[in-house]
Amino acid sequence: MDNRQIANLLAETADLLEIAAGDPFRIRSYRRAAEAVESSTIPLSQLAVEDPKKLLTIAGIGKGMAANILEIEKAGTLPLREELLVKYKPSMLELLKLPGMGPKSVALFWEVLQVADIDQLEAAIAAGKLEELPRFGAKAAEKLKKGIAEYRKNSGRFHLDDAEIAAEKITAYLLEFPGIDRVTPAGSLRRGRDTVGDLDLLATGPICEEDKVGPAVDYMAAYPPIASLIAKGANKVSFRLRSGLQVDVRLLPQGSYGAALQYFTGSKMHNVTVRQRALKRGYTLSEYALAKVEDGAFVAGATEEEIYAALGMDWIAPELRENNGELEAALEHRLPQLITQADIRGDVHMHTVATDGSNTIREMAEAALARGYEYIAITDHSKNLAMTNGLDDQRALTHIAAIRQVERDMAEEFYEREKREPEGSPLKPRPGSSGTATSPRQLPIRVLAGIEVDILADGQLDLADETLAQMDIVIASVHTLFSQSIEEMTARVLRALENPYLKILGHPTGRKLLRRDAYQIHLPQIFQAAAAAGVAMEHNSNPNRLDLCDRDLKMAKEAGCKIVVNTDAHHTSEMENMRYGIRQLRRAWLTKEDVLNTLPADEFLETVKRR
DNA sequence: GCCGTTTTCGGCCCGACTGTTTTCAGTCG
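Note that this is a predicted model, so its numbers are computed, not measured. Along each chain, the written sequence defines residue order, and numbers are assigned to residues from 1. As a convention, the first chain written is A and the first ligand written is 1, with the rest following in written order. Since the coordinates come from a predicted model, pLDDT governs what is reported: local features require at least 70, and pairs of side-chain atoms require 80 or more to be given and counted, while whole-chain, interface and lining totals use all residues. The side-chain quantities take in all heavy atoms of the structure and omit both hydrogens and water.

**Considerations on the sheet that holds strand β8 (residues 283-285)**
With respect to topology, three strands assemble into an open sheet ordered β8-β9-β10, the strand pairing being antiparallel. At either end of the open sheet lies a strand with only one pairing partner, and these are β8 and β10 (298-300). Geometrically, the sheet is characterised by an average inter-axis angle of 35° between neighbouring strands, direction not taken into account. Here, two residues are considered to be in contact whenever any of their heavy atoms come within 4.5 Å of each other. Each axis is a line fitted through C-alpha atoms, and for a helix only the stretch in contact is used; angles between axes span 0 to 180 degrees, taken between their N-to-C directions. Secondary structure counts use DSSP, requiring at least four H or I residues in a row for a helix and at least two E residues in a row for a strand, with both numbered from the N terminus. Against the sheet, helix α14 (residues 268-280) touches β8 and β9 (290-292), its axis set at about 160° to β8. For two strands to pair, DSSP has to find at least two bridges joining them.

This is the structure:
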C-alpha cells in the first residue's frame, strides 16, 4: 500500500471519529498523521516491514500511529476504523464532502432522519424534512441542494495529479517489459485538463507488433495494483485501480503509434474536425494511419508530426486540441509559442513555519535556488486566518526583516564560496540573471518579502496600509466568501482592488470546492477592475485547489490582466506543482509575454510596483 | 493520540462568518 492510501485510511478514521464526536485532539492526531504520511518521501509500507522503529522518527507518528500503520500494512485497514464503520456507514464519508456539511450535521441527519448517503439526503430535502431539524431552515436546505448538484457534476472525475501519479507508476511498470520502449498518456491527461474521467495509456515497441503482443498484454493484466480487471483484448487491457480510477492501456505497433496517439488524445471535437479536413484533402484518418481515400495507401502514422504535416498543419500542442481555433492557426502557421516551465523565473507565493508552512525561509530559498529560480517571494498568511497562526502587523514587520536577512546571508555565503572556488561552483550565476559580473553585490537568489492578506467583509484588507507599504508583494485571497452571494462577494473584491498596495489578486481556496470554474465571483467585472488598477491575477498551481480555469484565464488576458503563476507551496516539495499551473496556462493559449513571473526580478518588481 | 517533559500528565492553532437565532453552534480555512 502506498503512502497516499495509508494517509487516506487515517484521514477517513479521523472523519469517522469526528462524526462519532470523539476526542478532538485525538482526531487531530489522526489528521496530522495522515498529512505526515502523505508528505513523506519514504514509502512507509516498506519501512514498516524493514524497520518499524524508524516510523517514530516522523513528526506526528508516535507509538499508537506506528502500530496503526503496521496494522494497515498487515490487514489492509485498522481496527478503530472497522469498529466505527459498524455504527456508521461508509457513505457518510462522502456526505462530508458536500459544502456546508460537517460531522455534526452528518451525525444529526443519521440519528434523526436515518440519512446515510447523498440520495437519501436529497430525498429528505425534497420531503421538507430538513426544516424540522434544529438549526436548519429553508436557506440551509437550498444550500445543500446546490452543493449536491455541484458535487454530482464532478464525482467520478479525478484530479490531474492523482491521474498523473497513477500514469507514472503504470508507465514504469510497462517499461520494464522487454520490447516496450515508449509509453505515453493520451486523453484528457495529455491535454492537461484539471480533472480526468479515466486514464488512457498508449505503449509501443518492437514487441507490440500484432503477432507478438500477447505476452505483453498478459503482463499488463497482471499489474499488482489492479483492483478489478474490466476487459482484456488482443492489444488492450482495461482495469480499475483501488482509487476507482479506470485505466485503458493499449499496446500498439510502432508504425501507427502517432495515429493512435493523435486519435486517443482527442478531444473529440478536435478529432472530428481534423478528420473532416483530411477527407477534403482526399485522406482518411483513423487510429491506425492517415491513408488515401481512393486506394487506402498509407500516408503517415508513426508520429503525430507527420500526420499534421501531411494535412498542411503545424503540430498542435495537446493542450490546445479543443477545436477552439487551433486548427486554423496550425494551417496558417500562427500557433502561439506557448509558455513553458523553463520560462518561469520566480515563484512568488509560498509559506513558511511562521504560519502554516513546513519549512523555514532559508529552506524555501535554497529549494527555489536548486530549481533554478532567480527569485521567490515569501508570502505567509495574515492574522485573519487565525488557524494558521497568521501574522499581525507587528509580526509581519519582524518577518520582513527575517526575509531580508536570509537574502543577505545567502549572498554573503555565495561570495565566500565564489572567492574560494570561482569556477565550476553550482552557485555560479546564470547569464542574464539579475546583476552582472562587474557588480559586487550580485545575489544568488532574490528573496522578496510579501504577505497573503485576507479580504474582510467590508472589503478592507486585514493588515494596516503602513505594514503593506513595506512589502514587495501583497496578495489578497478571499477565504471566507463561499456562502456569500455572488454580488456581495464581487463587491468585496472590487473594494479590495482599490487598495494601492495590493499587487496580486489571489484565489478562493477550499477542500470542498472541486471545480476550478466554480469561482464564486463575477469574473468579467473583476478582471476589468484588476486590469484598470494594474493588479495581476494569480493562477495557483496547486492541483487540489479551486482556481481559474482555462476559459477564465483567456478572459483575463482579453481584459488586459497580467497573470502570475504560483504554487502556494507550504513545503519545499510543493514547488514541483508549478507544472500543473503551466499546463493550465498553456490550455489558455498564454505565452511568456502574458505572465509576469517570466520577467527578471527587477523588471518583475518594477511592473508590480507601478500603480 | 502526540509531544515534551516538571518521566506522568497537561496542553494541544483560533477567529470570521452564517443561519436561525434572542446567545450560539456549526463550518470553514
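From this point on, the discussion continues.
**Let's talk about the pairing of strand β5 (residues 226-232)**
Examined bridge by bridge, β5 and strand β6 (residues 236-241) share five bridges and lie antiparallel to one another. Bridging from a neighbouring strand, L229 pairs with F239 of β6. Linking two consecutive strands that pair antiparallel, namely β5 and β6, is a turn of three residues.

**Regarding the environment of I339**
Checked against the element boundaries, I339 lands in the loop between α16 (326-331) and β11 (346-347). Residues I339 and A141, 198 residues apart in the sequence, show an inter-C-alpha distance of 44 Å. Those residues in contact with I339 that sit more than four places away from it in its chain are I344, I582, L585, R586, L590, T591, K592, V595 and T598.

**What about the sheet that holds β5?**
Taken in spatial order, the five strands make up an open sheet running β2-β4-β7-β6-β5, and their pairing is mixed. The outermost strands of the open sheet, each flanked by one partner alone, are β2 (182-185) and β5. The mean inter-strand angle of the sheet, taken between neighbouring strand axes irrespective of direction, is 20°. Pairing of β6 with strand β7 (residues 246-252), which is carried by five bridges, proceeds in the antiparallel orientation. Following the sheet pairing, V237 is matched in β7 by V249. Sheet strands in contact with helix α12 (residues 214-221) are β5, β6 and β7, and its direction is about 150° off that of β5. Sitting on the sheet, helix α13 (residues 257-265) touches β2, β4 (198-204) and β7, and the angle it makes with β4 is about 175°.

**Structural notes on the pattern of salt bridges**
Salt bridges are defined by distance alone: a side-chain nitrogen of Lys or Arg within 4 Å of a carboxyl oxygen of Asp or Glu. Counted under the stated rule, the structure contains 35 salt bridges. Residue E576 pairs with R371 through a salt bridge whose shortest N-O separation is 3.1 Å. Here the residue E576 occupies a position in the loop between β17 (563-566) and α23 (578-587), and R371 occupies one in the loop between α17 (361-370) and β12 (375-381), the gap between them amounting to 205 residues.

**Examining the nonpolar core**
Put simply, buried Ala, Val, Leu, Ile, Met, Phe, Trp, Tyr and Cys residues joined by side-chain atoms within 4.5 Å make one nonpolar core. Buried residues are those whose accessible area, probed at 1.4 Å on protein chains only, stays under 20% of the maximum for their type, while exposed residues exceed 50% and partly exposed ones sit between those limits. I451 and L505 are the most contacted members of the largest nonpolar core, which totals 59 residues. If you tally residues by element for this core, the top one is α17, at six residues.

**Focus on the UniProt feature "domain: DNA-directed DNA polymerase X" (unreviewed entry) in chain A**
UniProt positions are given in the numbering used here, feature names are shortened, and annotations may be inferred rather than shown by experiment. With numbering matched to this structure, UniProt assigns "domain: DNA-directed DNA polymerase X" (unreviewed entry) to residues 1-322. Secondary structure content for residues 1-322 is 50% helix and 14% strand, and the end C-alpha separation is 37 Å.

**Focus: the side chain of R446**
Checked against the element boundaries, R446 lands in strand β13 (residues 446-454). Within the structure, R446 has its side chain in polar contact with the side chain of D602 (distance 2.9 Å). We define a polar contact as two N or O atoms separated by no more than 3.5 Å, with the added condition that, inside protein, one atom must be a possible hydrogen donor and the other a possible acceptor, whereas residues neighbouring each other in sequence contribute only through side-chain atom pairs.

**Remarks on the packing of aromatic side chains**
Pairing of aromatic rings covers Phe, Tyr and the six-membered ring of Trp, with a centre-to-centre limit of 6.5 Å; geometry is then stacked below 30 degrees between planes, edge-to-face above 60, and tilted otherwise. In this structure the tally under the stated criterion is eight aromatic pairs. Seen from their ring centres, Y223 and F239 are 6.2 Å apart, and the 50° between their planes marks the pair as tilted. Placement of Y223 in the loop between α12 and β5 and of F239 in strand β6 is noted, with a sequence separation of 16 residues between them. For Y223, a relative accessible area of 9% corresponds to the buried category.

**With respect to unusual backbone geometry**
What you tend to see is this: most non-glycine residues have negative phi, and most peptide bonds are trans. Cis geometry is found at the peptide bond from G266 to S267, where omega equals -5°. Within the fold, S267 resides in the loop between α13 and α14. A positive phi is found at D568, a non-glycine position, where the angle reads about 55°. Positionally, D568 belongs in the loop between β17 and α23. Judged by relative accessible area, which is 2%, D568 ranks as buried.

**What to know about helix α4 (residues 63-75)**
By this rule the span expected of a helix is its residue count minus one, scaled by 1.5 Å. Taking 1.5 Å of rise per residue, the 13 residues of α4 would be expected to cover 18 Å, and the 18 Å separating its terminal C-alpha atoms lies within 8% of that figure. Among all positions in α4, only M65, A66, N68, I69 and I72 are buried. On an axial view of α4, the arc spanned by its buried residues comes to 155°, and they lie on one face. Facing away from the buried side of α4 by over 90 degrees, the exposed positions are K63 and K74. Looking at the buried residues of α4, the elements they touch are α1 (3-19), α2 (24-39) and α3 (44-50). Just downstream of α4, G76 is the residue with a positive phi angle, here 85°. Here the arc refers to the directions that run from the helix axis out to each C-beta atom.

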